[in-house]
Amino acid sequence: MNNPVISTERLLLRKMTKEDTGNLMEIFSDPVAMRYYPSIKNESETMEWIEWTKNNYDKYGVGLWIVEDKVTGEFLGQCGIVPQEVDGVMEMEIGYLFVRRVWGKGYASEAVLAWKNYGFEILKFNRMVSLPDVNNVPSTKVAERIGMQAIKTINKWGKEVYVYSVSI
Ligand SMILES: CC(C)(COP(=O)(O)OP(=O)(O)OC[C@H]1O[C@@H](n2cnc3c(N)ncnc32)[C@H](O)[C@@H]1OP(=O)(O)O)[C@@H](O)C(=O)NCCC(=O)NCCS
């Protein structure tokens with residue numbers, strides 16, 4: 001199936017396309033949303049992100065998807081599964097970044113929970129992780145809310161991150 005979607009109570013999740021550049025720029029140009037990333041991204045860096053994501057779809061069969069309001073189609077964020085190396089082992093990370101104007105409504109937790117279920121039930125993963133910066137409290141709360149547990153911290157991307165994990 002080329003255009004699968006995941007539907008939840010309030011959200012529609014779909015694959016990313018190059019037409020999402022403007023949507024994603026709303027997150028990537030916001031220094032508050034990008035506080036735990038190396039820098040904000042300009043338009044050409046955002047287009048590179050989309051290419052990297054499409055490459056993940058082709059190479060690994062997973063990647064970040066776009067999250068929209070199910071009723072209005074409004075862009076809310078991105079969430080999906082990204083392969084990441086943790087201590088020399090390839091793990092499946094659930095990643096999530098949402099536009100600041102929709103924080104505090106539970107959308108991220110709803111999308112991450114949908115990916116947790118999709119990962120176990122459809123993709124047949126035995127374990128998924130999340131790797132939030134140790135200071136990113138809203139992100140750690142999302143991981144905990146969907147049933148992940150912090151098992152350790154590691155140095156990755158030049159900083160200390162938690163390894164949150166959930167197994168089947
Ligand atoms: C990480 C991030 C997605 C968390 O966003 P968030 O809005 O706190 O998370 P949720 O969408 O799950 O919303 C949860 C909050 O909404 C509240 N809420 C309101 N209505 C809700 C509902 N119907 N269901 C669940 N929670 C609801 C919850 O109580 C919670 O608030 P609290 O944290 O004050 O207790 C957001 O901060 C972000 O995009 N940051 C920038 C990118 C980033 O750092 N990503 C993480 C990389 S690891």
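Residues numbered from 1 in each chain as written. Predicted model: local features only at pLDDT ≥ 70, side-chain atom pairs only at ≥ 80, totals over all residues. Heavy atoms only, no water.

Next up on the list: the overall build of the protein. Per the secondary structure count, the protein includes four helices and eight strands. Reading the protein from its N end, one meets helices and strands in the order β-β-α-α-β-β-β-α-β-α-β-β. The C-alpha atoms of the protein give 15 Å as radius of gyration, which agrees with the globular expectation for 168 residues (15 Å, within 12%). When its C-alpha atoms are laid out on the principal axes, the protein stretches across 40 × 35 × 30 Å. Across the 168 residues in the protein, those meeting the buried criterion constitute 49%. Here the protein displays about 8900 Å² of accessible surface, and carbon together with sulfur accounts for 50% of that area. Computing the positive centroid from 20 side-chain charges and the negative centroid from 22, the protein places the two 3 Å apart. (Helix = DSSP H or I, 4+ residues; strand = E, 2+ residues; numbered from the N terminus. Rg over C-alpha atoms; globule rule 2.2 N^0.38 Å. Buried < 20%, exposed > 50% of the residue type's maximum accessible area, 1.4 Å probe, protein only. Areas by Shrake-Rupley, 256 points an atom, 1.4 Å probe, with all protein chains shown as cover. Lys, Arg positive; Asp, Glu negative; His and termini not counted. Charge placed at Lys NZ, Arg CZ, Asp CG, Glu CD.)

Assignment of secondary structure puts Ser139 in helix α4 (residues 137-145). According to the relative accessible area criterion, Ser139 is buried, its value standing at 12%. Discounting chain neighbours no more than four positions away, the residues touching Ser139 are Tyr96 and Pro132. (Contact = heavy atoms within 4.5 Å.)

As a further point, take the nonpolar core. Ranked by size, the top nonpolar core spans 44 residues in total, and within it Cys79, Ile94 and Phe98 carry the most contacts. The leading source of residues in this core is helix α3 (residues 107-121), at seven residues. Look past the residues within four positions of Phe98 in its chain and what remains in contact with it is Ile27, Val67, Leu76, Gly77, Gln78, Cys79, Trp103, Tyr107, Ala108 and Ala111. Grouped together as the second largest cluster of nonpolar side chains are six residues, Val129, Leu131, Ile154 and Val161 included. (Core = buried A, V, L, I, M, F, W, Y, C linked by side-chain atoms within 4.5 Å.)

Here we take up the pattern of salt bridges. Here the structure, examined in full by the defined rule, presents ten salt bridges. Across the pair Glu26 and Arg101 runs a salt bridge, and its minimum N-O distance is 2.6 Å. Here Arg101 lies in the loop between β5 (89-98) and α3 and Glu26 lies in helix α1 (residues 21-28), a separation of 75 residues in the sequence. Arg101 sits in the partly exposed class, given a relative accessible area of 42%. Across the pair Asp133 and Lys159 runs a salt bridge whose closest N-O atoms are separated by 3.6 Å. With Asp133 in the loop between β6 (127-130) and α4 and Lys159 in strand β8 (residues 159-167), the pair connects residues that are 26 residues apart, well separated along the chain. Put simply, Arg14, Asp20 and Glu68 are held in one network by salt bridges that share partners. (Salt bridge = Lys/Arg side-chain N within 4 Å of Asp/Glu carboxyl O.)

Let's shift gears to the side chain of Ser109. Positionally, Ser109 belongs in helix α3. When residues no more than four places from it in sequence are discounted, the contact partners of Ser109 are Val142, Arg145 and Ile146.

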